[in-house]
Amino acid sequence: MNTAADNIVGILVIVAVFVALALPSLIGLAHDRRVDRQIREAQQARRAARARVRPAIAAKDVARAA
């Protein structure tokens, strides 16, 4: 019975060490993905705003300029 308890405690210690080592990396990865998503959304919004500001050139405007 003591051997089984030792094995369980050993497994839990290994899992705890793995989580302690992996958690900062996973948090950093989640942060980077969030920042990338925010940058991508800002670029799309900027492109959309630029597209709305740019006036359309009609055929009569081209003929008038020539």
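Residues numbered from 1 in each chain as written. Predicted model: local features only at pLDDT ≥ 70, side-chain atom pairs only at ≥ 80, totals over all residues. Heavy atoms only, no water.

> Could you give an account of the overall build of the protein chain, with specific residues and numbers?
Regarding its fold elements, the protein chain presents two helices and zero strands. Looking at the 66 residues of the protein chain, the share that counts as buried comes to 2%. Accessible area of the protein chain: about 6300 Å², with a carbon and sulfur share of 65%. (Helix = DSSP H or I, 4+ residues; strand = E, 2+ residues; numbered from the N terminus. Buried < 20%, exposed > 50% of the residue type's maximum accessible area, 1.4 Å probe, protein only. Areas by Shrake-Rupley, 256 points an atom, 1.4 Å probe, with all protein chains shown as cover.)

> Go over a positive patch on the surface, please, and point to the residues and values.
Together, Arg33, Arg34, Arg37 and Arg40 line one region of the surface with positive charge. Considering the arrangement of structural elements, one finds Arg34 in helix α1 (residues 2-53). Residue class for Arg34 comes out partly exposed when judged on its relative accessible area of 39%. (Patch = residues over 30% accessible without salt bridge, like charges linked within 9 Å, V, L, I, M, F, W, Y side chains within 5 Å. Salt bridge = Lys/Arg side-chain N within 4 Å of Asp/Glu carboxyl O. Lys, Arg positive; Asp, Glu negative; His and termini not counted. Charge placed at Lys NZ, Arg CZ, Asp CG, Glu CD.)

> Requested: an account of a nonpolar patch on the surface, with residues and values cited.
A contiguous nonpolar patch, built from Ile11, Val15, Phe18, Val19, Leu23 and Ile27 and spanning about 590 Å² of accessible area, is present on the exposed surface. You can call Val19 partly exposed: its relative accessible area is 43%.

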